[in-house]
Every structure is written in C-alpha cells, then in structure tokens.
Amino acid sequence: MRGHARASANFALVKYWGKRDAALNLPARGSLSVTVDALYTETTVIFEPDLAADCLSVDGRPRPGAATLRASRVLDLIRAAAGASLRARVLSKNSFPYGAGLASSASSMAALSLAAARALGLDLSLERLSVIARHGSGSAARSLHGGYVLWREGTRADGEDAHGSQLHPPEHWPLRVLVALVDAGEKDTSSSQGMQETARSSPLYAGWLDSVNPDLEAAQLALAARDLAALGEVMERSCLTMHAAMMSARPGLLYWRAATVALIHRVRALRAEGLGVYFTIDAGPHVKALCAPKDEAAVRAALEATPGVTRVIACGVGGHAR
Ligand code: PMV
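This report concerns the structure included in the present document. (Residues numbered from 1 in each chain as written. Predicted model: local features only at pLDDT ≥ 70, side-chain atom pairs only at ≥ 80, totals over all residues. Heavy atoms only, no water.)

### Quick word on the pattern of salt bridges
Here's step 1: Across all of its chains, the model carries 15 salt bridges by this definition.
Here's step 2: A salt bridge links Asp 282 to Lys 15, with the shortest nitrogen-to-oxygen separation between them at 2.6 Å. One end of the pair, Asp 282, is in the loop between strand S11 (277-280) and strand S12 (287-291); the other, Lys 15, is in the loop between strand S1 (2-14) and strand S2 (19-21), with 267 residues separating them in the sequence. Across the pair, exposure class does not vary: Asp 282 and Lys 15 are buried alike.
Here's step 3: Arg 300 is paired through a salt bridge with Glu 304; the nearest N and O atoms lie 3.0 Å apart. (Salt bridge = Lys/Arg side-chain N within 4 Å of Asp/Glu carboxyl O. Helix = DSSP H or I, 4+ residues; strand = E, 2+ residues; numbered from the N terminus. Buried < 20%, exposed > 50% of the residue type's maximum accessible area, 1.4 Å probe, protein only.)

Quick look at the structure:
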C-alpha cells in the first residue's frame, strides 16, 4: 500500500497556455518540452485504512486546500483504475523552490501518479499515467517521459489521447538548461487562472493560438536536426508570444520582474558576442537559458552576475519518471 517515485520537471520549448476543456485539463494546442534532471520531486504515497481524507505534505509542510484537492483528483483516478477506495497520505519533497513558476506542479503530479499507481499494484504505461497526471496539472502530462516530449492536444472528447510522448531520448541532444532564480516567493496568479483570464479577455489570445502549430512544427524539425539556433529562435518566439497574450489580458498579467528583463537583454548580448544561448520564461519571474555544454560556464557566469539573480541551477536533460 506504499509507493515511491521520482519525476523531473520540464520546461516548454513551445508553450501551453489555454485549455479546450477546463474540467479535463485538455490543452487548446499541443506543446513541446525538455525534461530537466536537476529539478525533481520525490513522492511517497501510503494508502491507509484509518484516513478519512487524503492528506498532503510538501517539503515537510502540510498543504491542505487547493494543493490537496489537486492531488486528490489524481488519486481518485488511480483509485478508480484499481477499484480501491482508501485515502492516502502523500509526502512530497522537491529539489527546488515549490510553487514559484519552476514547474513544481508538473514534477509533483507526475511523481504522485506513478507512486500512487505502484502503491496499489498497478502497472500503467507512461502514456496512461500522463493522462492521469494531466488532471492535476496540464504540464505534468509532459513530466512522465524523459528527453524531449510532445504533449498532443488530442482529438477525443474524453482526453484519453491528450498525453505526452517522447520524441527523442536525452542522449539525442545533451543540451544544458541554466535556471536563473529571480525571486523564491510563491506566485500570486496560478497558471490555470491566468490561462482562463487570458482566453476570456486578451485580444491577442487568438493570435497566440494561431502561432502554436507552426512553432511546434519548426521546433520538431530543429530538434531532429539538432539545430540550436533554429530551436532557440522558436523557443524565444513562443515564450514572448505567450507572455504578450498574458500581458494584454484584462487585467494584464505580468509575471516578470526587473531582473527578468535584465536577463533577457543579457542573453541577447551574449548571443551578439557569439554564444549560442536562448531564453524562455514560464508563469513566474525566473529565466531559463538553453545552451550547448561548451558555453555553459560562460553563460552561467553572466547570469550569476546579473543584478537581482539569487542563484543559478544548472540542469541537463532528464530521464523518465521512475
Ligand atoms: O501546468 P500548468 O497549469 O502549471 O501550466 C503551465 C504553463 C506554462 O508553464 C507557463 C507553460 C508550459 O507549457 O509549461
């Protein structure tokens, strides 16, 4: 009745921002990500006969409320698959700041789905676990697989085909991702809420949606060819188009801080100096820089020297949840 799993976070190269079904957490468009090895969640799930409700602790702190409700959505699907009704104690530990726009919901929901399945003796495929984890957090659909992962939007109304699939294993292209932490505080607008507000009120939302499929195609070609300049160009474009749509929601949604903007300029200046480095930013102030291993030391030093940066975490491409 006890299971343990580790799953890595992922960062989208082509972003997910908008749902076609909020209840099932189905994305309006596909997205493409890289799984990162240094940011991960380790989760233990214990199903216990005496528990009246699921209870969750994250990094040693009880998390009743929204975080537990999210975990219960995933646990309910695992329970249904196993024909079980016991409630669970969930102990979750992150190798990085939780709830700060660093994809902790992706790694934690992916680890939870696998640990819970194992606790109840279920041997589910990564694709099936991806569908289940997606109910807790959309981007978690991309955290079961390692390497470079495509989350298809799917066509089925029940969402069973909207799961992650590995496009390339980590060895295909051992890029580096340097995460420049700008502020360790927790974000005030959740991704789900931000997406709904963007879809409802941004005049740029339709343009954002139109941009995704061409970017997915270009990114897949660049990945297959290991063309960093082409991939970096698509990655920055997808990030900026998504943020433009968020910023033009009413009220405008701005996750950036001064240091976020300084880092964008720093990355572009490094490129002008001849380094192959590209940025992306999610629903938080941090900047993730993608580069080849040979440029890592120079990029890291430049990011660390940018005012407002508290820490840089270096990641390689991570493997499957296990
Ligand atoms: O999985 P969610 O609901 O936390 O949404 C993730 C949204 C972004 O990180 C901004 C983009 C993405 O594709 O990961």
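### Points about the site of the ligand
Here's step 1: Near the ligand, the surroundings consist of 14 residues, among which Tyr 16, Ser 137, Ser 139, Arg 142 and Ser 191 are the closest.
Here's step 2: Here an oxygen atom of the ligand and a side-chain polar atom of Arg 142 are 2.7 Å apart.
Here's step 3: Asp 282 places a polar side-chain atom, nitrogen or oxygen, 3.4 Å from an oxygen atom of the ligand.
Here's step 4: Protein burial of the ligand: of its 380 Å² of free accessible surface, 92% is covered by the chains.
Here's step 5: Within the shell around the ligand, the residues separate by chemical class into six nonpolar, five polar and three charged. (Near = heavy atom within 4 Å. Polar contact = N/O pair within 3.5 Å; in protein donor to acceptor, adjacent residues only side chain to side chain. Areas by Shrake-Rupley, 256 points an atom, 1.4 Å probe, with all protein chains shown as cover. Nonpolar A, V, L, I, M, F, W, Y, C, P; charged D, E, K, R; others polar.)

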